[in-house]
Amino acid sequence: MKQAQLADLSVGRLGLGAMGMSVAYSVGGFDDAESIRTIHRAVDLGVTLIDTAEVYGPFVNEELLARALQGRRDQVVLATKFGLISHTGRNSPDSSPASIRVAVDGSLKRLATDHIDLYYQHRLDRDTPIEDTVGELAELVTAGKIRHIGLSEVGVHTIRRAHAVHPITAVQSEYSLWTRDQEGEILPLLRELGIGFVAYSPLGRGFLTGSIRSNAELPDSDYRKTNPRFFDENFQHNLNSADELRDISAEVGATPAQVALAWLLAKGRDIVPIPGTKRVARLEENVGADTVELTTDQLARLDQLTPAAGGHHAEAQMAWIDR
Ligand SMILES: NC(=O)c1ccc[n+]([C@@H]2O[C@H](COP(=O)([O-])OP(=O)(O)OC[C@H]3O[C@@H](n4cnc5c(N)ncnc54)[C@H](OP(=O)(O)O)[C@@H]3O)[C@@H](O)[C@H]2O)c1
């Protein structure tokens, strides 16, 4: 697999998101054995960046990764996140130094490792100055518990303030054919500062693959039932973009998932999509995006895809996103 550069951190240019192996996308159920096979196949195919978080489960997704990575830990760049679970008794995002100190030791233990390669703040904590958070993370770098610092769903002011305390390696936010708001101010700033970008939900939570044609297919326990883009009227509208993507993909001779990922890869060698799947066959399909070349005309048509209707998170979650 070709490589990408997140600041000074080199990774395979397609990563793997592990969240859906334990939570969120319940359609088809959860199967740890197939998830572990998927992680092994990913490593064999050159995927290095593997993404989890303390809050996924909570906790069990990190434990699953530890089981999968026995004997393979050194072949991957392990990324996890803190801050959506408070270890100081708050009921809001908590990135206070006291909470981070408990969080990091918990993640290290569950991941069965002595260091985390990339440690992200999951959401901005509006009650702790970002300088205090990054100051604590810088101490964890010095102590060798973490190697690189990341932020997730943050705005330009937070990025500048954080980067002034300690170099930030990557910002992880939602970016895909139907979530383009990173292109305005965030990506230019990251390029100015030399910070990499990790694109989460690059397949529009599975929607862009064309495999979900009706929201009635999703069980009530599936996270997407709470996501405005999957509500009835929005869902019907959004099928237009899935259809447009399907038509362009047929012309390219690749699957919609591959074209959605290749479009992101074409945006720059500092952008790493982390598609999530818990199935070997889909992992192999997604990794195939590494060899898909899109023409200038195809890229331009993809840029013009019908924009999505509906917010990319429910309102309560949008309040945690820093803009
Ligand atoms: N920083 C944050 O706040 C944040 C938020 C959300 C996610 N993330 C991270 O980003 C990762 C990826 O995002 P995501 O999982 O939300 O969304 P995604 O990658 O856009 O989509 C995942 C969904 O697509 C399906 N899928 C994957 N490949 C497919 C294919 N080739 N054909 C058909 N369906 C396919 C998966 O189903 P199966 O698993 O059944 O194959 C799953 O339901 C997560 O795993 C997580 O690590 C971070």
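Note that the structure is predicted; figures quoted are calculated from it, not measured. (Residues numbered from 1 in each chain as written. Predicted model: local features only at pLDDT ≥ 70, side-chain atom pairs only at ≥ 80, totals over all residues. Heavy atoms only, no water.)

Caption draft 1: Fine view of the packing of helix H1 (residues 32–44) against helix H2 (residues 60–68). Here H1 crosses H2 at 60°, and the two axes come no closer than 9 Å. Classified by the angle their axes make, H1 and H2 are oblique. Classified by chirality, the crossing of H2 by H1 is right-handed. Residues Asp32, Ser35, Ile36, Ile39 and His40 of H1 form the contact with H2, whose own contacting residues are Leu64, Leu65, Arg67 and Ala68. Of the residues that constitute the contact of H1 with H2, the class distribution is five nonpolar, two polar and two charged. (Axes fitted to C-alpha atoms, helices over the stretch in contact; angles between N-to-C directions. Helix = DSSP H or I, 4+ residues; strand = E, 2+ residues; numbered from the N terminus. Parallel < 35°, antiparallel > 145°, perpendicular 65-115°, else oblique. Left-handed = near helix turned anticlockwise from the far one by under 90°. Contact = heavy atoms within 4.5 Å. Nonpolar A, V, L, I, M, F, W, Y, C, P; charged D, E, K, R; others polar.)

Caption draft 2: Here's a closer look at unusual backbone geometry. Going from Gly57 to Pro58, the amide bond is cis rather than trans, its omega being 0°. Among the structural elements, Pro58 can be located in the loop between strand E4 (49–51) and H2. With a phi angle near 50°, Glu153 is a residue other than glycine that sits in the positive phi range.

Caption draft 3: Spatial organisation of the pattern of salt bridges. On inspection of all chains with the given rule, the structure shows 29 salt bridges. Notably, a salt bridge pairs Glu183 with Arg180, separated by 2.9 Å at the nearest N-O pair. Judged by relative accessible area, Arg180 falls into the partly exposed class, the value being 26%. The partner of Asp270 in a salt bridge is Arg191, with the nearest N and O atoms 2.8 Å apart. One end of the pair, Asp270, is in the loop between helix H8 (256–265) and strand E10 (271–273); the other, Arg191, is in helix H6 (residues 186–193), and 79 residues separate them in sequence. A network of salt bridges, in which partner residues are shared, links Arg90, Asp94, Asp125 and Asp127. (Salt bridge = Lys/Arg side-chain N within 4 Å of Asp/Glu carboxyl O. Buried < 20%, exposed > 50% of the residue type's maximum accessible area, 1.4 Å probe, protein only.)

Caption draft 4: Examining the site of the ligand more closely. Taken together, 31 residues form the shell around the ligand, and within it Tyr25, Asp51, Leu203, Thr277 and Arg279 come nearest. The separation between an oxygen atom of the ligand and a polar main-chain atom of Lys278 is 3.0 Å. At 2.9 Å from an oxygen atom of the ligand is found a side-chain nitrogen or oxygen belonging to Arg282. Burial of the ligand by the protein amounts to 96% of the accessible area it has alone, namely 900 Å². Per-element accounting of the shell around the ligand gives the leading share, three residues, to helix H9 (residues 280–287). Of the residues belonging to the shell around the ligand, the class tally is ten nonpolar, twelve polar and nine charged. (Near = heavy atom within 4 Å. Polar contact = N/O pair within 3.5 Å; in protein donor to acceptor, adjacent residues only side chain to side chain. Areas by Shrake-Rupley, 256 points an atom, 1.4 Å probe, with all protein chains shown as cover.)

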